[in-house]
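# Analysis of the macromolecular model
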Amino acid sequence: MEPLTNRTVIRQVMEKHGFTFSKALGQNFIVNPSVCPRIAEEGGAAPGVGVIEIGAGIGVLTAELARRAEKVVCVEIDSRLLPILDETLGEFTNVTILNEDVMKVDLADLIRREFPGLPVVVCANLPYYITSPILMSLLEQRLPIRSITVMVQREAARRICAQPGTREAGAISAAVRYYSEPGILFPVSRGSFLPAPEVDSSVIRLDVLPAPAVAVEDEALFFTVVRGAFGQRRKTVLNTLSAALGLAKEETRRILEAAGVSPGARAEELTLPQFGAIANQVKQNREA
Ligand code: SAM
């Protein structure tokens, strides 16, 4: 098979199968030949490792994963790609394509069924319209996975990997750090895709932690606090949290002070342990 990063090959395959790109499904396929081998290697695809891929496209990353890993299961929503993938991945016996929406797949069950006894990693060039929901869903389910290595928009990469307590931090940074140790691996320019998107990208890897980074008594409450605090970034946590938690200002002030947080602080100034301490104080306050 000719290289799947070759634009002429891609156009020929598309024409043969009457395929056109769907913008709504975030279909920007990788045409830079150095990108997929690097994602596969830095993402941990290796003998004895199972890989879950999200979104095969015409299989350019899938093939690099299949060359290195024990087994690859790829979840692809677009049924129009199935006959193409039959052709482009025909040489591999260790690839399964599931024609499903990844947000609706029971991934814990998939891992039990498809990868018994194998360590598992996730690798993907993510559809950008659904980056955060996919990442949060993968993390919140506490799947038995080692890491998540994904291509995302550059701005999203910065936000996802930002350290809480810094200006670029958002609710997603705090949530990601609760479950994993994130890092930016390498930049990818917009010209590395067909069609070229309007922005550049970066590949990031989230190394999943064996246990959450901070101990909280009520996880749902912790996330309510994080989302509430970042709801209006310019306001003080006293204002955003009293609104988000439905508490009087004085009560919120007492909670923040007991948690060691200045009521005049902004969400972006708070560390992960401080968010945890606030959530634990709110819980104690509710139980008192
Ligand atoms: N891996 C290929 C590559 O790098 O060239 C394709 C990446 S493209 C950015 C995203 C892929 O995800 C597309 O093939 C798209 O059809 C698929 N996709 C979009 N939404 C999806 C969903 N909810 N579940 C599974 N796959 C999805």
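Summary of the structure given here. (Residues numbered from 1 in each chain as written. Predicted model: local features only at pLDDT ≥ 70, side-chain atom pairs only at ≥ 80, totals over all residues. Heavy atoms only, no water.)

Take the environment of Leu241 next. For Leu241, the location among the structural elements is in helix H10 (residues 237-245). Given the relative accessible area of 1%, Leu241 is considered buried. Considered as a pair, Leu241 and Arg227 are 14 residues apart in the sequence and their alpha carbons are 9.4 Å apart. Among all residues touching Leu241, those that are not within four sequence positions of it are Val225, Gly228, Ala229, Gly246, Thr252, Leu256 and Ile278. (Helix = DSSP H or I, 4+ residues; strand = E, 2+ residues; numbered from the N terminus. Buried < 20%, exposed > 50% of the residue type's maximum accessible area, 1.4 Å probe, protein only. Contact = heavy atoms within 4.5 Å.)

Moving on to the pairing of strand S5 (residues 120-125). When you tally the buried positions in S5, you get 6 out of 6 residues, the bulk of the element. Summarising the sheet, strand S2 (residues 50-54) and S5 pair through 4 bridges and their orientation is parallel. Its bridge partner being in S5, Glu53 is matched across the sheet by Cys123. Here S5 runs beside strand S6 (residues 147-153); their pairing, made up of 5 bridges, is parallel. Along S6, the bridge assignment pairs Val121 with Ser147. (Pairing = 2+ DSSP bridges.)

The next subject is helix H7 (residues 154-161). Those residues of H7 lying buried are Ala157, Ile160 and Cys161. Down the axis of H7, the smallest arc covering the buried residues is 85°, so these residues share one side. Here the buried face of H7 lies against helix H6 (131-140), S6, helix H8 (171-179), strand S7 (180-188) and strand S9 (201-208). (Arc of directions from axis to C-beta.)

It is worth spelling out the site of the ligand at this point. Looking at the ligand, there are 23 residues lining it, with Gly55, Glu76, Asp101, Asn125 and Tyr129 nearest. Between Ala56 and the ligand, the recorded distance is 3.5 Å, taken from a backbone N or O atom to a nitrogen atom. A distance of 2.6 Å separates an oxygen atom of the ligand from a polar side-chain atom of Glu76. Computed on the free molecule, the ligand has an accessible area of 590 Å², of which 99% lies beneath the protein chains in the complex. When its residues are assigned to classes, the shell around the ligand shows 12 nonpolar, 6 polar and 5 charged. (Near = heavy atom within 4 Å. Polar contact = N/O pair within 3.5 Å; in protein donor to acceptor, adjacent residues only side chain to side chain. Areas by Shrake-Rupley, 256 points an atom, 1.4 Å probe, with all protein chains shown as cover. Nonpolar A, V, L, I, M, F, W, Y, C, P; charged D, E, K, R; others polar.)

Turning next to the environment of Ala124. With respect to the secondary-structure elements, Ala124 resides in strand S5. With 62 residues separating them in the primary sequence, Ala124 and Thr62 have C-alpha atoms 8.8 Å apart. Setting aside chain neighbours within four positions, we find Ala124 in contact with Glu53, Ile54, Leu61, Thr149, Val150 and Met151.

In this section: helix H12 (residues 272-287). Between its terminal C-alpha atoms H12 stretches 23 Å, which fits the 22 Å expected from 16 residues at 1.5 Å a residue. The set of residues buried in H12 consists of Leu272, Phe275, Gly276, Ile278, Ala279, Asn280 and Val282. (Expected span 1.5 Å × (residues − 1).)

Here the focus is the packing of H8 against helix H9 (residues 219-231). Angle between the axes and distance between the axes: these two values describe a pair of packed helices. Across the interface, H8 lies against H9 with an axial gap of 9 Å and an inter-helix angle of 150°. Taken together, the axis directions place H8 and H9 in an arrangement best described as roughly antiparallel. Facing Ala171, Ala174, Ala175, Tyr178 and Tyr179 of H8, the residues of H9 in contact are Glu219, Phe222, Phe223, Val226, Arg227 and Phe230. Here the contact of H8 with H9 is built from residues that sort into 9 nonpolar, no polar and 2 charged. (Axes fitted to C-alpha atoms, helices over the stretch in contact; angles between N-to-C directions. Parallel < 35°, antiparallel > 145°, perpendicular 65-115°, else oblique.)

Everything listed here is a matter of coordinates, which is why it stays silent on function.
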